[in-house]
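What follows is each chain in one-letter form.
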Amino acid sequence: MTYNDTLDWMFSQLPMYQRQGKSAYKVDLSNTVLLINHLNNPHQHFKTIHVAGTNGKGSSSHMLASVLQEAGYKVGLYTSPHLKDFRERIKINGNEVSEGFVTGFIKRNKSFFEANQLSFFEMTVGMAFQYFYEEKVDVAIIEVGLGGRLDSTNIITPEVSVITNIGLDHTQFLGNTLETIAFEKGGIIKPNVPVVIGETQKETKPVFIELATRNSSNIIFADQQLPNNYLSDLIGDYQVKNIQTVVTVLKILQQKSYTISENNIEKGLLKVIKNTGLLGRWQILNREPKVVCDTGHNREGLIYVMKQLSNEVYNNLHIVFGVVNDKDLSSIIDLLPKTATYYFCKPNISRGLGADELRRVFSEYDLHGDAYSSVDEAYKQAKEMACADDFIFIGGSTFVVAEII
């Protein structure tokens with residue numbers, strides 16, 4: 001199979017949460033354990049840092065990778081979802097896994113995958129661990145895909161576990177209270193492994209303390225540590241909390257004899273995009289008019305994005321917006337500015353919510369605009385309508401942003 005044939009097979013025949021939703025979610029780790037044993041446990045041959053959370057886990061993972069690269073380590077980075085190309089999910093020192101490795105891994109193991117009906121995510125985790133093992137990484141940053149306790153990545157015993165924050169997202173899988181979601185994400189806390197919690201929340205703090213106590217894990221709440229003055233090339237206001245979390249993790253690694261200097265931290269945080277290729281976080285696409293896209297898509301993420309937007313100076317605001325069909329619009333719609341002109345669109349996936357339906361719901365909340373046949377058409381119209389001193393924001397879904405950048 002060619003690379004594209006391989007991806008078509010992976011995407012179309014096996015369930016994947018990002019495209020299919022709930023049908024892709026597995027209720028235990030038995031398939032992952034089966035796969036990892038089949039591969040002879042590659043994850044046991046390199047060190048890891050495990051990162052979970054409702055928001056900020058992607059940015060935090062990339063920051064950690066960037067700093068460790070600056071410190072001279074060979075760093076694996078596993079994240080999801082991808083924006084443009086599947087290979088974004090698996091990187092070493094910012095370089096994507098080769099098409100040849102992806103194709104070869106699937107070819108060698110295809111009969112096993114089919115016989116055991118492995119999911120897209122299970123296969124991809126196995127692929128990442130095998131790649132990091134073969135390439136002899138010093139350490140790998142492993143971002144949780146969904147939740148934590150039952151996530152396919154949760155077979156590792158990391159140097160440190162990280163949980164950025166807890167919000168009401170993916171409630172159909174993880175539960176509909178902050179406490180139950182915290183329990184699921186807290187499932188990555190391992191015996192005698194320190195855990196860093198990014199944000200102290202009164203609902204979730206007792207859950208994490210109980211899980212850490214049960215596992216004899218030292219627990220540190222990053223936002224209760226001394227503040228720092230580090231800057232990052234990830235310029236969203238919300239990155240301040242991620243930086244605090246990352247610096248707290250780095251201090252633990254220093255105590256574990258990782259050689260990470262002050263200069264490594266400063267440079268690493270300022271070169272995240274250059275070192276790792278991260279896209280879609282308050283990414284400026286144009287200056288006149290100013291065009292920004294952001295992948296924030298749940299309430300907690302959009303609170304920070306809209307706060308950032310409110311700090312901008314412009315004449316008129318244009319918002320290109322699309323969501324997936326299981327999005328609880330009532331949970332985010334009050335955050336969105338009524339003064340904007342909206343360009344409604346459907347991301348080009350089966351789970352995308354129709355643009356006309358999105359426009360209908362928004363109009364009930366006094367948010368107005370037109371529906372367009374595609375993300376590209378919506379963006380083109382926004383650019384045609386915008387003057388040089390206007391502002392265009394593109395968001396609502398990772399998949400909308402993916403079609404623009």
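See the structure shown above.
Residues numbered from 1 in each chain as written. Predicted model: local features only at pLDDT ≥ 70, side-chain atom pairs only at ≥ 80, totals over all residues. Heavy atoms only, no water.

A.B. asks: Quick question: what am I supposed to make of the sheet that holds strand E8 (residues 219-221) here?
C.D. replies: As summarised here, the arrangement of the 8 strands in space is E4-E3-E2-E5-E1-E6-E7-E8, forming an open sheet in which the pairing is mixed. In the strand order of this sheet, the two ends are held by strand E4 (95-96) and E8, each with one partner. In this structure, strand E1 (residues 47-52) lies alongside strand E5 (residues 139-143), joined through 5 bridges in parallel fashion. Across the sheet, residue Val51 finds its bridge partner in E5, namely Glu143. Lying on the sheet, helix H9 (residues 205-214) is in contact with strand E6 (160-163), strand E7 (195-197) and E8; it crosses E8 at an angle near 155°. (Pairing = 2+ DSSP bridges. Helix = DSSP H or I, 4+ residues; strand = E, 2+ residues; numbered from the N terminus. Contact = heavy atoms within 4.5 Å. Axes fitted to C-alpha atoms, helices over the stretch in contact; angles between N-to-C directions.)

A.B. asks: Is there a simple way to explain the side chain of Thr164 in this structure?
C.D. replies: Structurally, Thr164 is set in the loop between E6 and helix H7 (171-174). A relative accessible area of 2% places Thr164 in the buried class. Ignoring sequence-local partners within four residues, the contact set of Thr164 consists of Val51, Ala52, Gly53, Thr54, Asn55, Gly56, Lys57, Ser60, Gly198 and Glu199. (Buried < 20%, exposed > 50% of the residue type's maximum accessible area, 1.4 Å probe, protein only.)

A.B. asks: It is not clear to me how unusual backbone geometry should be interpreted in this structure. Could you clarify?
C.D. replies: Peptide bonds are, in most cases, trans, and in most cases residues other than glycine have a negative phi. Across the junction of Ser80 and Pro81, the peptide omega takes the value -10°, indicating a cis bond. Looking at where Pro81 falls in the secondary structure, it is placed in the loop between strand E2 (75-78) and strand E3 (90-92). For the bond from Glu288 to Pro289, the omega torsion is 0°, close enough to zero to count as cis. Its place among the elements puts Pro289 in the loop between strand E9 (283-287) and strand E10 (290-293).

A.B. asks: Mind showing me how you'd approach the pairing of strand E11 (residues 317-321) here?
C.D. replies: Side-chain positions along a regular strand alternate between the two faces of the sheet. A large share of E11 lies buried, amounting to 5 of its 5 residues. Burial of E11 is two-sided: the residues Leu317, Ile319 and Phe321 facing one way and the residues His318 and Val320 facing the other way are all buried. Pairing analysis gives 4 bridges linking E11 to strand E12 (residues 341-344), with the strands arranged parallel. Bridge pairing in E12 places Phe321 opposite Phe344.

A.B. asks: Would you mind showing me how to read the packing of aromatic side chains here?
C.D. replies: Scanning the model with the defined rule gives 19 aromatic pairs in all. Residues Phe86 and Phe120 carry aromatic rings whose centres are separated by 5.8 Å and whose planes lie at 80° to one another, so their mutual orientation is edge-to-face. On the criterion of sequence distance, the pair formed by Phe86 in the loop between E2 and E3 and Phe120 in helix H6 (residues 120-134) is long-range, its members being 34 residues apart. On the basis of relative accessible area, Phe120 is assigned to the buried category, the value being 0%. Each ring, one from Phe321 and one from Phe362, has its centre 5.6 Å from the other, and the planes form 50°; the classification is tilted. A residue pair is termed long-range when its members are at least 10 positions apart, and Phe321 in strand E11 and Phe362 in helix H14 (residues 355-364) qualify at 41 residues. Phe362 shares its class with Phe321; the two are buried. Aromatic ring contacts, followed pair by pair, group Phe46, Phe101, Phe105, Phe112, Phe113, Phe129, Tyr131 and Phe132 into a single cluster. One Lys or Arg, Arg87, reaches over the ring of Tyr3 and ends 5.9 Å from the middle of that ring. Geometry around Tyr379 places Lys383 over its ring, the cationic atom sitting 4.3 Å from the centre. (Phe/Tyr/Trp six-rings, centres within 6.5 Å; stacked < 30°, edge-to-face > 60°. Lys NZ or Arg CZ within 6 Å of the ring centre and 35° of its normal.)

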